[in-house]
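Architecture and fold: a report
The primary structure of each chain is shown beneath.
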Amino acid sequence: MTVLADRSVVLRHGVPEGTILIIFGASGDLTRRKLMPALYHLAREDLLPEKLSIIGLGRRIQTGQDFHIHMKHRVMQYCSHKMEQRYWIRLESKMESLKVDYYDDDTFNIIKEKINEKEKLWGQSVNRLFYFATNPSHFEAIVDKLATVGLNLSNPDYWSRIIVEKPFGLDLESAIKLNKSIVEHFNEDQIYRIDHFLGKESVQNILIFRMTNLIFQPIWTNKYIDHVQITSAETIGVEGRVEFFEQTGAVRDMIQSHLLQILALLTIEPPNSLDQEEIRNNKVSIFEKIRKYKVKGDIIENSYRGQYNKGVVNSELVNRYTDEKGVDPNSKVETYAAIKLFIDNSRWQGVPFYLRTGKRMPQRKTEIIISLKEINAIVPTLLDQQKPIPNMIKLEIQPKAGVEITIGWKPPGLLSEMEAFKLNLGATAELSEPKAYERLLVDVMRGDSTLFIRFDEIAEMWKIVDPFLKFWNEIDKSDGSEGKLLDYAAGTQGPDIANSIFHNPKIRWSKI
Ligand code: BG6
């Protein structure tokens, strides 16, 4: 399977020379927090083509030296390695920025001129890679304009590809509309719909862990698994992305994409071949089988949402969400969401899957907790207890990757009580941060779409989350108190009442 291989050698040779990378939205958070650090890492590992030009476009972007200095500081801030000047220079020499309007034809003529310049300079045809990192509301306009000037076309001498960031649309309807406008101008093999969690080694490892180990593979069913918690918590707030977050909120931003993809990898049927399309088909089958809630009562029973109030995170006092600059003081946008889902197929019938995400939580942590069923065993020893010991498998996704298994164990000594014993397997050092984007950028340049998402997956994921968004919206307009947006202090575990989602006082959300 591709995900297993160490591809560093292949990458070096697989990335074509002569590419222009145009980043729409280069003044935004994604570019400074993820893309630039990833490009710096690639420069450091000497995995960038010699003939590569990176042009950052933005409506409010800095230009010339100011852009370089700004990006350098961001790379210093967000890279896990100490920045080294010699590698930065390698990247900087390829970069420039342009202040542009995405709705103006001139912008796209300028891009064409830049491509012509590079073709002359390098004496070869130039591949065109367009990264859509703007607010998603601009995607359709950009696609149209690219097509108007013919920048959507590939030919035998060069390719033209687009990377489309998530969220892909704001609901099923808008996603279909966006996809229609993209496929009108680009062939499927030119479109890379990105979910950067799929680029994380620890996410790829979910399949390997559950499918290749005889001690786990046979228990991966409703016969042995009681329930599953998937959490992705962050300490950051909206980080200058107010305009984006006011339109999206935590469900569209994290659950519709990252957490549902994790859920799919945890639950899909094992593929019968190495064909990556089969994994995607199996993911679609899981999404189709996830129960779609149809009435408001289901949403009230199976979800909690919150918005952070002021509080202390990492010893720093932080504002409440509605005090962030640019946020509507009456905003009902959720910065925390916890939802419960069921998969109605024979393997998973009856097993609840709890998904939770939140901004301004005490730690940055993504993890999966698989709780196994209790065994009614009569143990013929002198044990006199019996508070049950939880039997759990924890898959740590980030910031560290690892596996922790909790088992019952009688410690040596005269005491006759069992204890929970934790086995820690393979916890790695902190993952080097921009890894996911690094891999995915290189994959696009190599034309490998294995770790990207098909539109049918996206459509199915919207069908799962749309009822939450629709009914929350209705609830916000109604007078009742059930299902309302809750308040939680920044730096805490989220609204305490969200533990009621388990309908069992013994079960709580794992501690962040
Ligand atoms: C992005 C979301 O997709 O993922 C952000 O838009 C979030 O809101 C980010 O902060 C988290 O990614 P990571 O890799 O830092 O966990």
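These numbers come from a predicted model, not from an experiment. (Residues numbered from 1 in each chain as written. Predicted model: local features only at pLDDT ≥ 70, side-chain atom pairs only at ≥ 80, totals over all residues. Heavy atoms only, no water.)

Points about helix 7 (residues 172-185)
In an α-helix there are 3.6 residues to a turn, and that puts residues three or four apart on one side. Compared with the 20 Å implied by 1.5 Å per residue over 14 residues, the 20 Å span of helix 7 between its first and last C-alpha is a close match. Turning to helix 7, its buried residues number three or more, namely Ala175, Leu178, Asn179, Ser181 and Ile182. The buried residues of helix 7 occupy an angular sector of 160° when projected down its axis, which confines them to one face. With respect to the buried face of helix 7, the exposed residues turned more than 90 degrees away are Glu173, Lys177, Lys180 and Glu184. The inward-facing, buried residues of helix 7 contact helix 6 (139-148), strand 5 (160-164), strand 6 (191-193) and helix 13 (455-477). (Helix = DSSP H or I, 4+ residues; strand = E, 2+ residues; numbered from the N terminus. Expected span 1.5 Å × (residues − 1). Buried < 20%, exposed > 50% of the residue type's maximum accessible area, 1.4 Å probe, protein only. Arc of directions from axis to C-beta. Contact = heavy atoms within 4.5 Å.)

Thoughts on the nonpolar core
Counting 88 residues, the largest nonpolar core has Phe24, Leu260 and Ile393 as the members making the most contacts within it. Counting residues per element, this core draws most heavily on helix 13, which supplies 12 residues. In contact with Leu260, not counting residues within four places along its chain, are Ile255, Phe287, Ile290, Leu341, Leu355, Met461, Ile464 and Val465. Among the nonpolar cores identified, the runner-up in size contains 41 residues, and Phe67, Ala133, Ile163 and Leu440 belong to it. (Core = buried A, V, L, I, M, F, W, Y, C linked by side-chain atoms within 4.5 Å.)

Looking at the site of the ligand
Close to the ligand lie 15 residues; Lys34, Lys200, Glu234, Asp253 and Gln398 are nearest. The side chain of Arg241 places a nitrogen or oxygen atom 2.8 Å from an oxygen atom of the ligand. Within the side chain of His258, a nitrogen or oxygen atom sits 2.7 Å from an oxygen atom of the ligand. Every element with two or more residues in the shell around the ligand is listed here: helix 2 (29-44) and helix 9 (242-267). The dominant element in the shell around the ligand, judged by the number of residues it contributes, is helix 9, at 3 residues. Among the residues forming the shell around the ligand, the class breakdown is 3 nonpolar, 3 polar and 9 charged. (Near = heavy atom within 4 Å. Polar contact = N/O pair within 3.5 Å; in protein donor to acceptor, adjacent residues only side chain to side chain. Nonpolar A, V, L, I, M, F, W, Y, C, P; charged D, E, K, R; others polar.)

Brief notes about the sheet that holds strand 2 (residues 52-58)
What the 6 strands build is an open sheet, ordered 3-2-1-4-5-6; its pairing is parallel. Bordering the open sheet on either side are strand 3 (95-99) and strand 6, each of which pairs with just one other strand. Between one strand and the next, the sheet's axes are offset by a mean angle of 20°, whatever the strand orientation. Bridging between strand 1 (residues 19-24) and strand 2 involves 6 bridges; their strand directions are parallel. Across the sheet, residue Leu21 finds its bridge partner in strand 2, namely Ile54. (Pairing = 2+ DSSP bridges. Axes fitted to C-alpha atoms, helices over the stretch in contact; angles between N-to-C directions.)

As for the pattern of salt bridges
Taken as a whole and judged by the stated rule, the model has 31 salt bridges. The closest approach of N and O atoms between Lys166 and Asp253, which form a salt bridge, is 3.1 Å. Separated by 87 residues along the polypeptide, Lys166 in the loop between strand 5 and helix 7 and Asp253 in helix 9 bring together distant segments of the chain. Accessibility assignment for this pair places Lys166 and Asp253 in one class, buried. The partner of Glu188 in a salt bridge is Arg193, with the nearest N and O atoms 2.8 Å apart. For Glu188, a relative accessible area of 43% puts it in the partly exposed group. Residue class for Arg193 comes out buried when judged on its relative accessible area of 1%. Connected via shared salt-bridge partners are Lys365, Glu367, Lys394, Glu404 and Lys422. (Salt bridge = Lys/Arg side-chain N within 4 Å of Asp/Glu carboxyl O.)

A short note on the packing of helix 10 (residues 276-289) against helix 13
Relative orientation of the contacting elements helix 10 and helix 13 amounts to 15°, with a least axis distance of 9 Å. One way to sum up the angle between helix 10 and helix 13 is to call them roughly parallel. In the packing of helix 10 onto helix 13, the handedness of the crossing is left-handed. Taken together, the residues of helix 13 that come into contact with helix 10 (itself represented by Arg280, Lys283, Val284, Phe287 and Glu288) are Asp456, Glu457, Glu460, Met461 and Ile464. (Parallel < 35°, antiparallel > 145°, perpendicular 65-115°, else oblique. Left-handed = near helix turned anticlockwise from the far one by under 90°.)

Focus: the confidence of the model for the protein
Scored by pLDDT, the protein has a mean of 91; 94% of the residues are at 70 or more. Of the regions scoring below 50 in pLDDT, residues 1-11 engages in 21 contacts with residues more than four places distant in sequence or in other chains. (pLDDT = per-residue confidence, 0-100.)

Here's the deal with the sheet that holds strand 7 (residues 225-233)
Taking strand neighbours across the sheet as the criterion, the 9 strands line up as 16-15-14-13-7-12-11-8-17 in an open arrangement whose pairing is mixed. Edge positions in the open sheet fall to strand 16 (419-425) and strand 17 (486-489), since each of these has one partner strand only. Direction aside, neighbouring strands of the sheet carry axes that sit 20° apart on average. Here strand 8 (residues 303-309) runs beside strand 17; their pairing, made up of 4 bridges, is parallel. Each residue of the ladder has a partner; that of Gln307, found in strand 17, is Asp487.

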